[in-house]
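# Summary of structural features
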Amino acid sequence: MTNNATPAVELRAATRTYGTGERAVTALDRVDARFEPGTFTAVMGPSGSGKSTLLHCGAGLDRLTGGEVIIDGVPVGGLSERALTRLRRSRVGFVFQAFNLVPALTAAQNVALPLRLAGRRPQPGAVAGMLAEVGLTGREGHRPSELSGGQQQRVAIARALVSRPAVLFADEPTGSLDAASGAAVLSLLRAAVDRHRQTIVMVTHDPVAAATADRVLFLADGRVVGELPGSVGAERIALHTARLEGATAVAR
Amino acid sequence: MSAAWAMVRHRFASFAGTFVAVFLGVAVVSGSATLYLSSQPQAPARYDQAPVLVTPPNAETGDTRDQQAWTAAEASALAARLGSLPGVMAAVPDPWFYVQRLEAGRATGDDQAALIDGHPWSAATLGAYRLTDGRAPKAKGEVVIGTDVSATATARGGTAPAAAAAGTTASVAAGSGPRGSAVTAGTTVEVLTATGPETWQVTGTVDGPGFYVTDGEAARRASGVRVIGLTVTGDVQKVVDAAAAEVGSSGVVRSGAERDALEPGSITRVRWIGAQLLIALVSLGAFATVFVVSSTCALSAAQRRRELGLLRAVGATPGQVRRMMYAETSLVALLAGLIGAPAGAAAAPLLGDAMVGIGLEPAGFTVTWQPTALIGSVLLGLFVALAGVTAATRRASRIPPLDALREAAADPRAMTPARWVMGPLCAIAGGALLAGMPTFPLEMRSSAGLGAAMFLLCAAALLSPVLIVPLVRTVARPWRGTATGMLVREGTLTGVRRVASTAAPVLATVGLTVLLAGTVATIEVAAGIDETAKYPAADVLVPDGTPGLSAAAVAAQGAEPALTTRLLITHGDTTTGGYATGRGDGLVLDQFTASELGSKAGDVVTVRFADGARAELPVDAVEEEASIPQDLVRRHDPDALTSMIVLKDTAVPTPGARSVPIRDFVMEEIEEEGRLVDLFLLALIGLTAGYTAIAVGNTLLMATTARRVEFQALRLAGAGTGQVLRVVSGEALLAVSVGAALGGLVAVISLAGVRAAVEDEIGRDIDLVIPWGSTAAVTALCAALALTAAAFPVLRAARGRS
Ligand SMILES: Nc1ncnc2c1ncn2[C@@H]1O[C@H](COP(=O)(O)OP(=O)(O)OP(=O)(O)O)[C@@H](O)[C@H]1O
Ligand SMILES: [Mg+2]
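Residues numbered from 1 in each chain as written. Chains lettered and ligands numbered in written order. Predicted model: local features only at pLDDT ≥ 70, side-chain atom pairs only at ≥ 80, totals over all residues. Heavy atoms only, no water.

With that settled, the discussion passes to the overall build of chain A. Scanning chain A for helices and strands turns up eight helices and 10 strands. Taking 18 Å as the expected radius of gyration for a compact globule of 252 residues, we find that chain A reaches 18 Å, a close match to that expectation. If you line up chain A on its principal axes, its C-alpha atoms span 55 × 40 × 40 Å. The 252 residues of chain A split such that 53% are buried. For chain A, the accessible area works out to roughly 11100 Å², and carbon and sulfur atoms hold 51% of it. Computed over 28 positive and 22 negative side-chain charges, the separation of the two mean positions in chain A equals 7 Å. (Helix = DSSP H or I, 4+ residues; strand = E, 2+ residues; numbered from the N terminus. Rg over C-alpha atoms; globule rule 2.2 N^0.38 Å. Buried < 20%, exposed > 50% of the residue type's maximum accessible area, 1.4 Å probe, protein only. Areas by Shrake-Rupley, 256 points an atom, 1.4 Å probe, with all protein chains shown as cover. Lys, Arg positive; Asp, Glu negative; His and termini not counted. Charge placed at Lys NZ, Arg CZ, Asp CG, Glu CD.)

A separate point is the interface of chain A and chain B. Every contact between the two is made by 22 residues of chain A and, on the other side, 20 residues of chain B. Buried surface at the junction of chain A and chain B, summed over both partners, amounts to about 2000 Å²; 69% is from carbon and sulfur atoms. The shortest N-O distance in the salt bridge between Arg312(B) and Glu81(A) comes to 2.6 Å. In this assembly, chain A and chain B are joined by six residue pairs in polar contact (both at pLDDT 80 or more). Residue assignment for the side of chain A that touches chain B shows that the elements contributing at least two residues are α2 (81–91) and α3 (107–117) of chain A. Broken down by element, the side of chain A that touches chain B gets its largest block of residues, six residues, from α2(A). (Contact = heavy atoms within 4.5 Å. Buried area = accessible area lost by both parts, 1.4 Å probe. Salt bridge = Lys/Arg side-chain N within 4 Å of Asp/Glu carboxyl O. Polar contact = N/O pair within 3.5 Å; in protein donor to acceptor, adjacent residues only side chain to side chain.)

As a further point, take the domain arrangement of chain B. Residues and elements named next belong to chain B. Its domain assignment divides chain B into domain 1 (1–41 + 263–407), domain 2 (45–260) and domain 3 (540–659). Taken residue by residue, the interface counts seven residues in domain 1 and five residues in domain 2. Together, the buried faces of domain 1 and domain 2 total about 470 Å²; carbon and sulfur atoms form 58% of this surface. For domain 1, the biggest contributors to the area lost against domain 2 are Pro41, Ser266 and Ala363; these three give 55% of the whole. Across the contact surface, domain 1 and domain 2 share zero salt bridges. (Domains from an automatic or database assignment.)

All names here are of chain B. Ordered in space as β2-β11-β1-β12, the four strands form an open sheet in which the pairing is antiparallel. In this open sheet, the two strands that pair with only one neighbour each are β2 (88–93) and β12 (252–255). Geometrically, the sheet is characterised by an average inter-axis angle of 20° between neighbouring strands, direction not taken into account. Here β2 runs beside strand β11 (residues 228–232); their pairing, made up of five bridges, is antiparallel. Pairing of valine 88 across the sheet is with valine 232, part of β11. Strand contacts of helix α10 (residues 236–247): β1 (52–55), β2, β11 and β12, with the helix running at about 170° to β12, the strand carrying the most contacts. (Pairing = 2+ DSSP bridges. Axes fitted to C-alpha atoms, helices over the stretch in contact; angles between N-to-C directions.)

Glancing now at the site of ligand 1. As a matter of local geometry, ligand 1 sits amid 14 residues, with Ser47(A), Gly48(A), Lys51(A), Ser52(A) and Thr53(A) nearest to it. Mapping the residues adjacent to ligand 1 onto the chains of the assembly identifies chains A and B. Compared with its free state, where it exposes 630 Å², ligand 1 has 62% of that area covered by protein. Residue assignment for the shell around ligand 1 shows that the elements contributing at least two residues are β2 (25–35) and α1 (51–58) of chain A. Its residues assigned to classes, the shell around ligand 1 shows four nonpolar, seven polar and three charged. (Near = heavy atom within 4 Å. Nonpolar A, V, L, I, M, F, W, Y, C, P; charged D, E, K, R; others polar.)

A few words now on the sheet that holds strand β20 (residues 645–646) of chain B. All names here are of chain B. With respect to topology, three strands assemble into an open sheet ordered β20-β13-β21, the strand pairing being antiparallel. For this open sheet the edge positions go to β20 and β21 (657–661), each flanked by a neighbour on one side alone. In this sheet, β21 lies alongside strand β13 (residues 539–543) in antiparallel orientation, the contact comprising five bridges. By the bridge assignment, proline 543 is partnered in β21 with alanine 657.

Okay, the UniProt feature "domain: ABC transporter" (unreviewed entry) in chain A next. This chain's UniProt record puts "domain: ABC transporter" (unreviewed entry) on residues 9–246 of chain A. Structurally, residues 9–246 of chain A comprises 37% helix and 25% strand, and the distance from its first C-alpha atom to its last is 31 Å. (UniProt positions renumbered as here; feature names shortened; annotations may be inferred.)

This part covers the confidence of the model for chain B. Residue and element names in this part refer to chain B. Mean pLDDT over chain B stands at 81; residues scoring 70 or higher make up 89%. Scored below 50 in pLDDT, residues 152–180 shows 28 contacts in the model against residues more than four places distant or in partner chains. Here the prediction assigns the complex a pTM of 0.73, and the interface score ipTM is 0.84. (pLDDT = per-residue confidence, 0-100.)

Residues Trp420(B), Val421(B), Met422(B), Leu425(B), Ile428(B), Val466(B) and Leu467(B) make up a contiguous nonpolar surface patch of about 640 Å² in total accessible area. Considering every element that reaches the nonpolar patch, the biggest residue donor is helix α15 (residues 417–436) of chain B, with five residues. (Patch = residues over 30% accessible without salt bridge, like charges linked within 9 Å, V, L, I, M, F, W, Y side chains within 5 Å.)

What follows is about the pattern of salt bridges. Residues and elements named next belong to chain B. Scanning all chains against the criterion turns up 26 salt bridges over all chains. We note a salt bridge from arginine 101 to glutamate 103, for which the minimum N-O separation is 3.5 Å. Overall, the relative accessible area of 6% leaves arginine 101 in the buried class. Note that aspartate 544 is salt-bridged to arginine 106, the shortest N-O span being 2.9 Å.

Laid out in structure tokens, this is it:
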């Protein structure tokens, strides 16, 4: 892939070790990865392979123990907690598997939260428009407890996209949803990439979900062990995953 | 701010603890402050029509008891000069004297107020009192009586705190109705004065309180003159200036609020005692609020870890999280304060009446509207809540964003660096206060003891997480084999922070109870032995509802009176005041006064008497007690009374006196003092115990509600509601035991410090008394509340399912 634009996120020899001494676990082992603007990347790999760690470090939610993360051209290593938070607020969106929303706030308030935290007043209609885009017109005043799991995920996506971040990270966003809700969430993400050139990095265990991405990155034991274009289809991706899982199972 | 409001609205349950704590704290503070501010010294109503009052110069010793008097001659000369000033209608000296009405041979009314109940008829102008019937007194033995005197004893009994306090004897008279008949012009009235019982002819009644005799009679009976009242026309300030110029250094001209300095000392003293209680209530209230708010805030922040992590993940900086928590707490505290302050102020009159009844405020005390108290208490509530939440916000702002993903069950770190720093610091501060106790002046020692205990309690609460683990392991050892035992033990050990939050209020309650009750008991025991040791087995004649024994009462026993008078003695440049007894035929100084003056036998000193007269007298001797010839006292302090005499034979009954064995009298005195102390104790312990008990309940309610999921899992694992209840109760009891143990420990340490101070003071070993009864009661109360609060959410959840 050739390009001269700054990547949305770049990891260079990214290493993340948890614990010390004998109990040390290397969750990321010198990972190099670039996520170009306007691309949709799926990250796959066996459980414990370091997918979530990759996302957290890439999003600046967690710090590396070695190597470098560069978000939208800014190396995050030297930033203070405050500066990092501000960077995250303006350049990074994040969707967790669940518990994304502040229970005390309505859907609209949740969506407006990053803007408000940044001290900006949301443009009139911006929040409603964002909610409309994720198909939640008329749900602005509902609290998370009054929304279904799929609706909550869509509110979370709306929130992650509202500040037009350089990159959106999603950690198994469809993991706790049924097939139909999951499909709706995926098409939302796809649409964001296609319509607004949004960069998206998504962790998933579902080959069908991965197939909607432009590119699939495979992780095992904290290393990038392969890459496929999303266009190869769910079946080949599933096959690759199965092989990988078999290999790690044997290795252990 | 709007996010904070949304949080508060949504999670009111988790703010309820803070709300209740601040509400109560503010209510207590606003109520007490309202009472305190309402209870300001007030010039007697008798001088209501005299906007300018002139008094002799202020006491040069700084002690109000050393306030000088003018001699009758000085006073009338000065009054004549003042009376001729422009704008002055009349300048009237008010030489007051002791007179008390006798009914059926018993003194009635307040004994201290009676000391200044006799006045010259001319002084009635100062209050614009007018005759309602009859005529003014014209001769010796004639009197015009005030409304309070002409009323029956039944009516008067209710307003006189001392009568109620004197107990049985007064209430007999009060209960018997017609005996205290109304007095009208033309009848006679029985009174008691410094001379003895007298029968006066009532020539009229007046629409104000007091006894009014002829001016000459009043001047003869009074010990000097202490006030000249001016009634004026036109500009008061002009009169003040003119009077000040006229009086010069021989007096002080008072107008406006300065007049209030004329409040009788006995009333001021009552106010002072009341103020001590109010001050203690305010400081304990504030302390308890900080204590409870900080522990509930810490708990609620821990419970909201996930939510706060999410906010951080979404882009809230640590500063924003901190500010949000401050905003939330401010909102809750303001809300609680705005409700609590008026509630406290509304309750103040009720408490005020009670305080008057007990003798902690003067009769006629009314609570007035005090905006300062209201606003101040709301602000204090806000400030105290913010102080309480500080530690929690610091901690919360450091929550990493990834905590949004983690279950909050296991306590990450129960001990924080702040706790490690503040805990030992508090311990050192408390220890230093205790150690330094003997060097403090007496009246500061009890506050120092309380302050030390507060510091030590904070230290224990801060360091409790360290102590909880070993304590729990020890306490839970016998039950480690059972499933419940295991669950309780592990639940407690992984939830150290929760246990610490629950234990903290118990710690404060038990600690303060043991300390307060223990201090009083220890001192009482020490004082009891001390006082009885001095007296021989004899009877004494003591005042019975009167401020002292009259000359007649003493003479009836065939004894010499032992009049007590206050002298102001000057030697060289030093002046000091002191009491002396009328006896012997020369001036004898006590050692203390002598050393203060630097004088010895043979020196000539200037003595100023109660009536303002001066004399140069040689010092005859320096002995244990000061004395001065009896006839000098009689001449210069005609109003002097004898405080008590030791009887040789059985007493001859006489009005205003009774005889009791010495030991009984001492015990009565101690009991009278003990009654007040007990009352203070009850109020203070009641406040802290009630307060912290609420905190215990609230913390457990919060904690158990937040653990619903955990209990659900327990049920899925096959535990019945009964078993869950047992686990929950076990944990609650464990937390209460830990708190009680720590609180007791702290209190015993503080008590030891107090005892050391007392021992140092009286120079003798005393026993440390631990008040087991109240300790057990308070601990049981905490345990009962804890059990109820812990079981409630479990039972409600169980009922919801069935
Ligand atoms: N906070 C932590 N402390 C210690 N070890 C951790 C921590 N977080 C992750 N790990 C370890 O790092 C490794 C990678 O974890 P990670 O969560 O990135 O895996 P994953 O690929 O997201 O797995 P899954 O598909 O199950 O979500 C695992 O071995 C895990 O045990
Ligand atoms: Mg994961």
